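Structural features, examined
The chain contents come next:
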Amino acid sequence: MTSEKFVVAYEGSVEDSSLLSYALERARKEGAALHIVHVLEWSPYSFLTPEELEERHGRRKDEISRAREVILEPAIAEIEKAGVTCTGEIRYGQVVEIIAEIAGAQKAAMIFVGRSGRNSVSSRVFGSVPLGLAQIAPVPTVIVP
Amino acid sequence: MKQLPIAAAFLAAALLSAGPAAAQGLDQTINQIFADYTGWYVALIFADLPGTNFSWIALWLVVAALIFTGYFGFIQFKGFVHSIKLVKGDYSDPDDAGEVSHFQALATALSGTVGLGNIAGVAVAVGIGGPGATFWMIIAGLFGMATKFTECTLGVKYRNEYPDGRVSGGPMYYMTKGFAERGLKGGSIFAVIFCIFTILGALGGGNMFQANQAHAQLSGVLGEYPGWITGAVLAVVTGIVIVGGIKSIARVTEKVVPFMGIFYIVVSIIILLRNFDEIGWAFGQIFEGAFTGLGVAGGFTGALIQGFRRAAFSNEAGIGSAAIAHSAVRTKEPVTEGYVALLEPFIDTVVICTMTALVIVITGVLNIDPETGMYIWNAEAGQIETEGGVSGVELTSAAYAQSFSWFPAMLAIAVVLFAFSTMISWSYYGLKAWTYLFGEGAMKENIFKVIFCLFIVIGAAANLGPVIDFSDAMLFSMAVINVIALYLLMPIVKKELGSYVERLRTGEIKKFK
């Protein structure tokens, strides 16, 4: 019986492989389960062209199935292969808010997040995901270099 | 095929490049041909009611707005707060994140309507109808909110959802599906007529008027030059976006336009605050002019007609275009989009148009006879005498320049961007009507897009008068067909609204925030 759950904020980039292996190692040692979350950045207040509005529903379906096939499912498979229970989900929204919300809802013991952001310039201006989590995460957060 | 509009625009440019004099001559020729061929139709649409000087079309829209307002129990006032909550996302299911939000549907629809109508259109209305036109514009805007509510609810209810996830909606769909549901015949004929007018409206108000006013503003700042040059440049850029599929340009515009809109409002507020002591006087002029005309030819009715015409042209309530833009929203309740859409005429007409009108009145660019206190009517120009004899967008520009000398340059950029975003929106509305008539397919769609780009050049080259009249005539023709459909389908909207309000009251419709 697994006693604890760790949430992994997984972007799916090459740099994130060290995040995944570190989280896996910690989970194995603690006997915890992992919950991988991949967030597709989205704001309901962004501006779209009429054509984008028309295609949005279809694109969302494509984006989710692509993220599931290319990012989430391979990660879950890798972790389960190593013998650790793993679940996952794909969400739309602001990464920091969503991760913090899921950590709370899942009663997670810890959050794991990679240090590297996708865009260092914007992260310097607007703050990166690890820094954001450091401010609002409801549970201890590990930043993996 | 992708190169076609660009090639066509360059061809037009080459034909016109014989010299500035020849080009100016061609401008006049285009204008003359335009006036000759469309004049009779414009006259028909704007014909006065027998024995009055009140055009039947203005009455048509106002009566419709009043009927919808009464039929839905003053929904625009009672539902205003709920509309804002919907836009904020208070009732949006978090599981629908990533879908089109109410805010996005509203913002996109607004970027198609907020634009030259608010800047140039208001100046035309106030220039011809006097400050009193503003009063009638606000009234038309407030009542038009109920019309918008009706058409956008139907737009979502009867939209088509295709297996690949695309969504298509608009009056042509509620005409066919809605009529069938009510057991009414003739839905497809209505849809076909509506689509023909939409295509012409897209080429007129959604295209030529925009190109025309963008050129007027640019030549005001840069000095006189032939209109086809502005037209060719705009046609090329629009062609790159709509035919070439370079969405990034459109996306940048979509992002810049709202900020331009906010900037415009902020500058207007600053000007009004600077002239704070005259705001009361300006409102006095607006109220007095609304009922007396204050020297305007046509008096009270002149002010009223101009106000109504410009409001309808600016916020497009009853025209049906908004139903196309709003129909892609993700909601289980069509009526929620109706609520959201009713904010559109409010923002567009009641807020932004009024700002422009107040600035024009306050800055004194309309000449007043100091002895009588009446506006000086220039019969030859058919409008109130203005500083420098300007009209349309140039009048707005002159008014704002009284406070900020750099404003004309800024306005030129804003006007071009507004014109461009409106063209992108209307090219889409026109295309939806076109594909409804002729079917989908790259070749068929590109034919429309090329025609659309060519009309940009024509619009920029023609004079204001014939273009503005043709634009209005086409948009109002859409309204004739659309409003009949709305009357026939309004019981369906009432049923939707009743059920929604009841479920909202019982808590069946959940608030997520």
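Above: the structure in question.
Below, the structure is looked at part by part. Small disclaimer: the values here were computed from a predicted structure and weren't measured.

Take the nonpolar core next. Ranked by internal contacts, the top residues of the largest apolar core, which has 144 residues, are B:Phe149 and B:Tyr174. The dominant element in this core, judged by the number of residues it contributes, is helix H21 (residues 464-506) of chain B, at 18 residues. Discounting chain neighbours no more than four positions away, the residues touching B:Tyr174 are B:Glu151, B:Leu154, B:Gly155, B:Tyr158, B:Phe179, B:Ala323, B:Asn482, B:Ala485, B:Leu486 and B:Leu489. Ranked by size, the runner-up nonpolar core spans 33 residues in total, among them A:Ala23, A:Trp42, A:Ile79 and A:Val84.

Another point: the pattern of salt bridges. What the rule picks out here adds up to 22 salt bridges over all chains. With a shortest N-O distance of 3.0 Å, A:Arg91 and A:Glu101 are connected by a salt bridge. Here A:Arg91, found in strand E3 (residues 86-93), pairs with A:Glu101, found in helix H3 (residues 95-105); they are ten residues apart in sequence, far enough to count as distant. A relative accessible area of 45% places A:Glu101 in the partly exposed class. Between B:Glu99 and B:Arg330 there is a salt bridge; the shortest N-O distance is 3.7 Å.

The phi dihedral of A:Lys107 falls on the positive side, at around 55°, and the residue is not glycine. Counting through the fold element by element, A:Lys107 comes out in the loop between H3 and strand E4 (110-114). Its relative accessible area of 73% is what places A:Lys107 among the exposed residues. With a phi close to 60°, B:Glu316 is a non-glycine residue in the positive phi region. Turning to its location among the elements, B:Glu316 is positioned in the loop between helix H14 (299-315) and helix H15 (321-326). Exposure remark for B:Glu316: the relative accessible area of 4% places this residue in the buried category.

Helix packing for two helices is described by the angle between their axes and how far apart those axes are. All names here are of chain B. Viewed as axis vectors pointing N to C, helix H16 (residues 334-341) and helix H17 (residues 343-362) meet at an angle of 10°, and their least axial separation amounts to 4 Å. Between H16 and H17, the angle falls in the class roughly parallel. Contacts from Tyr339, Val340 and Ala341 in H16 reach Leu343, Glu344 and Pro345 in H17. For the contact of H16 with H17, the class distribution of residues is five nonpolar, no polar and one charged.

Moving on, we get to the side chain of B:Thr113. All names here are of chain B. As for its position among the elements, Thr113 is in helix H6 (residues 102-113). For Thr113, a relative accessible area of 6% puts it in the buried group. Apart from the residues within four sequence positions on either side, Thr113 is in contact with Asn118, Lys148, Ser314, Asn315, Glu316, Glu344 and Asp348.

About the thresholds
Residues numbered from 1 in each chain as written. Chains lettered and ligands numbered in written order. Predicted model: local features only at pLDDT ≥ 70, side-chain atom pairs only at ≥ 80, totals over all residues. Heavy atoms only, no water. Core = buried A, V, L, I, M, F, W, Y, C linked by side-chain atoms within 4.5 Å. Buried < 20%, exposed > 50% of the residue type's maximum accessible area, 1.4 Å probe, protein only. Helix = DSSP H or I, 4+ residues; strand = E, 2+ residues; numbered from the N terminus. Contact = heavy atoms within 4.5 Å. Salt bridge = Lys/Arg side-chain N within 4 Å of Asp/Glu carboxyl O. Axes fitted to C-alpha atoms, helices over the stretch in contact; angles between N-to-C directions. Parallel < 35°, antiparallel > 145°, perpendicular 65-115°, else oblique. Nonpolar A, V, L, I, M, F, W, Y, C, P; charged D, E, K, R; others polar.

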